Amino acid sequence: MALVQSDENDFHALREAQRMVDSCQDFADHLIVAEFLPHCRGVAYINIRTLEQVIYCVQLSSVGYRIVSYNFDDVADEVANCDTVYASAHQLLAGISPLYGEKYGFGREPLRKRKE
């Protein structure tokens, strides 16, 4: 589930978020496209409860996956400034869920640190 696009104009965040949810459903306790946050072509939000029962709201953009809150359907200022961006859904899940990493063996390396 890497975010490889031939052109940034080809990226559609909500479609990619739904694709991630559909393909990774078995890798988390709860995984759904956020219902109460606004989505646009460039940004969508995903609610995740990991196998360890930890809750995250994740922003998906053409840059990658970034944690924005520790609650569903929420963007918390202190969390939204997080610099860690994951290139793929599997890297995100491995980074936030040790049980996922142990069970499925995917890498834990984030894409990069966000540059301001």
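For the structure, check the block above.
My aim in this report is to walk through the structure given alongside it, one point at a time. Since the structure is predicted, the reported quantities are computational estimates derived from the model, not experimental observations.

1. A word on the pairing of strand β4 (residues 64-69)
Taking burial as the measure, the 6 residues of β4 include 6 buried ones, the bulk of the element. Strand direction decides the pairing type here: strand β3 (residues 55-61) and β4, joined by 5 bridges, are antiparallel. The residue bridging glutamine 59 from the neighbouring strand is arginine 66, located in β4.

2. Regarding the side chain of threonine 50
Along the chain, the position of threonine 50 falls in the loop between β2 (43-49) and β3. Owing to a relative accessible area of 1%, threonine 50 belongs among the buried residues under this scheme. A polar atom in the side chain of threonine 50 sits 3.0 Å from the side chain of glutamate 52. Setting aside chain neighbours within four positions, we find threonine 50 in contact with Asp29, Tyr56, Ile96 and Ser97.

3. Focus: the pattern of salt bridges
Applying the stated rule across the entire model yields 2 salt bridges. Between arginine 19 and glutamate 16 there is a salt bridge, and its shortest N-O distance comes to 3.1 Å. Here glutamate 16 and arginine 19 lie together in helix α1 (residues 13-24), a separation of 3 residues that amounts to about one turn. Taking relative accessible area as the criterion, arginine 19 reaches 41% and is therefore assigned partly exposed.

4. Overview of the sheet that holds β2
Spatial ordering of the open sheet is given by β1-β2-β3-β4, a layout of 4 strands whose pairing is antiparallel. Every other strand in the sheet has two partners, leaving β1 (30-33) and β4 as the edge strands with one partner each. Direction aside, neighbouring strands of the sheet carry axes that sit 30 degrees apart on average. Where β2 meets β3, 7 bridges bridge the pair, whose relative direction is antiparallel. When the sheet's bridge partners are listed, alanine 44 is paired in β3 with leucine 60. Contacts from helix α3 (residues 89-96) reach β2, β3 and β4 within the one sheet, and its direction differs from that of β4 by about 40 degrees.

5. Some remarks on unusual backbone geometry
With glycine set apart, most residues show a phi of negative sign, and most peptide bonds adopt trans. Residue glutamine 53 is not a glycine yet carries a positive backbone phi of 75 degrees. Here glutamine 53 is to be found in the loop between β2 and β3. For glutamine 53, a relative accessible area of 45% puts it in the partly exposed group.

6. Observations regarding the nonpolar core
Within the largest apolar cluster, 27 residues are counted, with the highest numbers of intra-cluster contacts made by Met20, Leu31, Ile46, Ile48, Tyr65 and Leu92. The set of elements that each furnish at least two residues to this core consists of α1, β1, β2, β3, β4 and α3. When residues no more than four places from it in sequence are discounted, the contact partners of isoleucine 46 are Ala17, Met20, Val21, Leu31, Ile32, Val33, Ala34, Tyr56, Cys57, Val58, Leu60 and Tyr65. Ala34, Tyr45, Cys57 and Ala80 belong to the second largest nonpolar core, which has 6 residues in total.

About the criteria used
- Residues numbered from 1 in each chain as written.
- Predicted model: local features only at pLDDT ≥ 70, side-chain atom pairs only at ≥ 80, totals over all residues.
- Heavy atoms only, no water.
- Buried < 20%, exposed > 50% of the residue type's maximum accessible area, 1.4 Å probe, protein only.
- Helix = DSSP H or I, 4+ residues; strand = E, 2+ residues; numbered from the N terminus.
- Pairing = 2+ DSSP bridges.
- Polar contact = N/O pair within 3.5 Å; in protein donor to acceptor, adjacent residues only side chain to side chain.
- Contact = heavy atoms within 4.5 Å.
- Salt bridge = Lys/Arg side-chain N within 4 Å of Asp/Glu carboxyl O.
- Axes fitted to C-alpha atoms, helices over the stretch in contact; angles between N-to-C directions.
- Core = buried A, V, L, I, M, F, W, Y, C linked by side-chain atoms within 4.5 Å.

In short, shape yes, function no, at least from these values alone.
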